[in-house]
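Structural overview
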Amino acid sequence: MTTMTETSARFREFKMPDVGEGLTEAEILKWFVQPGDTVTDGQVVCEVETAKAAVELPIPFDGVVHELRFPEGTTVDVGQVIIAIDVAPGSGDAPAPAAAAPAQEPVETPEAEAEPKGRTPVLVGYGVAETSTKRRPRKGASAAPEAAAVAAAVQAELNGHAAPAPASAPAPAPASVPAQAGAQGGGRPLAKPPVRKLAKDLGIDLATVVPTGKDGIITREDVHAAAAPVAEAPAAVASPAAPEAPAAAVPAAAPDSARETRIPVKGVRKAIAQAMVGSAFTAPHVTEFVTVDVTRTMKLVAELKEDKDMAGVRVNPLLIIAKALLVAIKRNPEVNAAWDEANQEIVQKHYVNLGIAAATPRGLIVPNIKDAHDQTLPQLAASLGELVSTARDGKTSPAAMAGGTVTITNVGVFGVDTGTPILNPGESAILAVGAIKLQPWVHKGKVKPRQVTTLALSFDHRLVDGELGSKVLADVAAILEQPKRLITWA
């Protein structure tokens, strides 16, 4: 017989780690192991999605998987145990391993049904454990039934159905309802939450529905069957003796699932929403625009593609635009800063972590190139290529998205002229690049077809005045118009 101490030493639990900077939860995307599988120290056991990226989690010890605590698709708080490992599998009998149970639709039971002994479930988690301590009845115990009735009414309202009628004035049951319809033994009808919602949408009182499901559970078909006679029946004629009653509100039609799809907001999408709302309503945004002739830049891109020093790296207009922004920041270093609200300070950054907004299947992410200001053009090209490929594969780490100072978003790849980009939280500026198009342009006194684009620079007006923001944007445009300034201004 295994003792409690031996059992505790035999099984080791692995908790959800904080895989990012201060993240509080992560969703389990996929399990790579099942109960009974042998694992080794450092082996990846699951993939989780945080508010920033998808991350693979390695197990830090050897053993045999005993239990998966959560199924795929579950959002788990940091610090919760997600897997148990048997680190001494040959030392005796162990409880049968249990796979992560798939999430099931809960069935609501009557309130009168007894709960198992132990802790009682409440709205969040469980209440205190049941103890043997006895308490004297308080004075005024006769008020307990009234309090219970009020509590039942409130709980019924929270659950989305009408509160029970007072005991002093019970509502007469409809004559057409069979005796076996409704709740059993005077309790609440048995039905799953989706069925209750359907009944509410159709205006059907579950107490009047005859259940056909197992153990007296009301099914969707039961609700539809109860709704059919209501829809076909002619309007009831009011009794002559009864006063005319106001018309009842027509219940809203049930939503058509074929016309709408509801997607849970979580993971990267949830983080994007929170970050964008926080940025838009915290930093006073100002956006300036400039349209520029980039014909010479496009010629430079074509020449660099043939340069042997750029072999093996991707050369595109974004590379030159990124280098132009870095030069503009070098000429106007005050733009590379952050606002410290807590200390009421402006933090000047003497380095540039250049963020590149990337669209991925999981949503928008902004990884950044660390110390981009120190990189040569070939190095910057290699960093851009690695950043984009990693983002597309969904392998960007949280560390790669932390600490950015300024960002570029290339909306031109979608054929868009430009936009008013929202600052990445904690950064001072973001440059939007529009599509490069062949347009009529006055060049050397004549109208000629030239390759033209529109740039938009959004900046935090707490940090960046209009003059400074205008200088940065004008410098970027000037470099793209005359790329030789990359040499003369560098």
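Residues numbered from 1 in each chain as written. Predicted model: local features only at pLDDT ≥ 70, side-chain atom pairs only at ≥ 80, totals over all residues. Heavy atoms only, no water.

Let's talk about the overall build of the protein chain
- The helix and strand tally for the protein chain stands at 10 helices and 21 strands.
- Classification of the 490 residues of the protein chain by burial places 35% in the buried group.
- For the protein chain, long-range pairs separated by at least 24 residues make up 63% of all intrachain contacts whose partners lie at least 6 apart in sequence.
- In the form shown here, the protein chain has an accessible surface area of approximately 29,500 Å², with 56% of it arising from carbon and sulfur atoms. (Helix = DSSP H or I, 4+ residues; strand = E, 2+ residues; numbered from the N terminus. Buried < 20%, exposed > 50% of the residue type's maximum accessible area, 1.4 Å probe, protein only. Contact = heavy atoms within 4.5 Å. Areas by Shrake-Rupley, 256 points an atom, 1.4 Å probe, with all protein chains shown as cover.)

Describing the packing of aromatic side chains
- In this structure the tally under the stated criterion is zero aromatic pairs.
- The ring of W489 has R331 sitting right over it, with the charged end atom 3.8 Å from the ring centre. (Phe/Tyr/Trp six-rings, centres within 6.5 Å; stacked < 30°, edge-to-face > 60°. Lys NZ or Arg CZ within 6 Å of the ring centre and 35° of its normal.)

Things to note about the pairing of strand β13 (residues 345-348)
- With four bridges joining them, strand β12 (residues 337-340) and β13 adopt antiparallel strand pairing. Bridged to A338 within β13 is V347.
- Hairpin connection of β12 to β13: four residues between the antiparallel strands, including Q344 at a positive phi of 55°. (Pairing = 2+ DSSP bridges.)

A short note on the packing of helix α7 (residues 317-331) against helix α9 (residues 466-481)
- Running from amino to carboxyl end, α7 crosses α9 at an angle of 135°, the nearest separation of the two axes being 9 Å. Judged on the interaxial angle alone, α9 and α7 are oblique. Here α7 and α9 pass one another in a crossing that is right-handed. Here α7 contributes I320, I321, A324, L325, V327, A328 and R331 to the contact with α9, which in turn contributes V472, D475, V476, I479 and L480. (Axes fitted to C-alpha atoms, helices over the stretch in contact; angles between N-to-C directions. Parallel < 35°, antiparallel > 145°, perpendicular 65-115°, else oblique. Left-handed = near helix turned anticlockwise from the far one by under 90°.)

Here's the deal with the side chain of Q375
- Mapped onto the elements, Q375 comes out in the loop between β17 (368-369) and α8 (377-392).
- Judged by relative accessible area, which is 15%, Q375 ranks as buried.
- Ignoring anything within four residues of it in the chain, the contact list for Q375 reads K323, I369, K370, L380 and S383.

Brief notes about the environment of M310
- Looking at where M310 falls in the secondary structure, it is placed in the loop between α6 (295-305) and α7.
- On a C-alpha basis, the gap between M310 and A381 in space is 8.3 Å, while along the polypeptide they are 71 residues apart.
- Apart from the residues within four sequence positions on either side, M310 is in contact with L304, V315, L319, L377, P378 and A381.

Quick notes on helix α3 (residues 193-202)
- Those residues of α3 lying buried are V195, R196, L198, A199 and D201.
- Downstream of α3 by a residue or two, G203 has a phi angle that is positive, lying close to 75°.

Quick notes on the sheet that holds strand β4 (residues 44-49)
- What the four strands build is an open sheet, ordered β5-β4-β2-β7; its pairing is antiparallel. A strand with exactly one partner marks an edge of an open sheet, and here the two such strands are β5 (54-58) and β7 (75-77). On average, each strand axis in the sheet is tilted by 40° relative to the strand beside it, whichever way the strands run.
- Relative to β7, strand β2 (residues 25-31) runs antiparallel, the two sharing three bridges. The partner of A26 across the bridge, within β7, is V76.

Quick look at the sheet that holds strand β1 (residues 11-15)
- The antiparallel open sheet is built from four strands, whose spatial order is β1-β8-β6-β3. Each edge of the open sheet carries a strand with a single partner, namely β1 and β3 (38-39).
- For β3 and strand β6 (residues 63-68), the ladder comprises two bridges, and the chain directions are antiparallel. Paired with T38 across the bridge in β6 is V64.

Points about the pairing of strand β18 (residues 406-410)
- Among the five residues of β18, four are classified as buried, and the element is accordingly described as predominantly covered.
- Bridge analysis of strand β14 (residues 354-356) against β18 gives three bridges, and the strand direction is parallel. The partner of G355 across the bridge, within β18, is T407.
- With five bridges connecting them, β18 and strand β19 (residues 429-433) associate as parallel partners. Looking at β19, one finds that V406 is bridged to A429.

What about unusual backbone geometry?
- The phi angle at Q344 is positive, at roughly 55°, despite the residue not being glycine.
- As for its placement among the helices and strands, Q344 is situated in the loop between β12 and β13.
- In this model, D371 sits at a positive phi of 50°, which is unusual for a non-glycine residue.
- Relative to the helices and strands, D371 resides in the loop between β17 and α8.
- Classification of D371 by relative accessible area gives partly exposed; the value is 36%.

Everything listed here is a matter of coordinates, which is why it stays silent on function.
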